[in-house]
Amino acid sequence: MYDNPDDVYYGPDDGYDGAPQFANEGSALRAAGPGNPRNLPCPTCGEPDRLTPADRRLGYQCDPCADRQEGWGD
Ligand SMILES: [Zn+2]
């Protein structure tokens, strides 16, 4: 679970206990929560409210776009 040191990015003042929380199982997206609202559009498909500020910091896109990029889609 902690095999990616790049995942450790939460500061002490963001309301999290330090462990990344994921939006969905199998998703790279971070769970929305206090200080991390899901209110940003996906940079790939442009759908609103797809990413949290943490997701954007990490350069993520929404799950459907990530799935397409990884070859899970059609
Ligand atoms: Zn998208």
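Residues numbered from 1 in each chain as written. Predicted model: local features only at pLDDT ≥ 70, side-chain atom pairs only at ≥ 80, totals over all residues. Heavy atoms only, no water.

Trainee: Looking at this structure, how should I read the pattern of salt bridges?
Mentor: Note on pairing: side chains with opposite charge can pair once their charged atoms come close. Scanning the entire structure with this criterion turns up one salt bridge. Notably, a salt bridge pairs D55 with R38, separated by 3.4 Å at the nearest N-O pair. With D55 in helix α1 (residues 53-57) and R38 in the segment before α1, the pair connects residues that are 17 residues apart, well separated along the chain. Given the relative accessible area of 0%, D55 is considered buried. Judged by its relative accessible area of 25%, R38 is partly exposed. (Salt bridge = Lys/Arg side-chain N within 4 Å of Asp/Glu carboxyl O. Helix = DSSP H or I, 4+ residues; strand = E, 2+ residues; numbered from the N terminus. Buried < 20%, exposed > 50% of the residue type's maximum accessible area, 1.4 Å probe, protein only.)

Trainee: Is there a simple way to think about the coordination of the zinc ion in this case?
Mentor: Under ideal tetrahedral coordination, the four donors around a metal are separated by 109.5 degrees; under ideal octahedral coordination, the six donors are separated by 90 or 180 degrees. The protein atoms that coordinate the zinc ion are C42 (SG), C45 (SG), C62 (SG) and C65 (SG), at distances spanning 2.2 to 2.4 Å. Because the angles between the four donor atoms bound to the zinc ion fall within 103 to 115°, the donor set is best described as tetrahedral. Mapped onto the sequence, the residues coordinating the zinc ion show the spacing C-x2-C-x16-C-x2-C. Residue C45 is located in the segment before α1, and its partner C62 is located in the loop between α1 and α2 (63-69); the two are separated by 17 residues in the primary sequence. (Donors = N, O, S within 2.8 Å, 3.2 Å for Na, K, Ca; no water. Tetrahedral: all angles 85-135°; square planar, octahedral: opposite > 155°, others 65-115°.)

Trainee: Teacher, can you tell me more about unusual backbone geometry here?
Mentor: Excluding glycine, most residues fall at negative phi; most peptide bonds, likewise, are trans. The phi torsion at D49 lies on the positive side, around 60°, for a residue other than glycine. Structurally, D49 is set in the segment before α1. Overall, D49 belongs to the partly exposed group, its relative accessible area being 46%.

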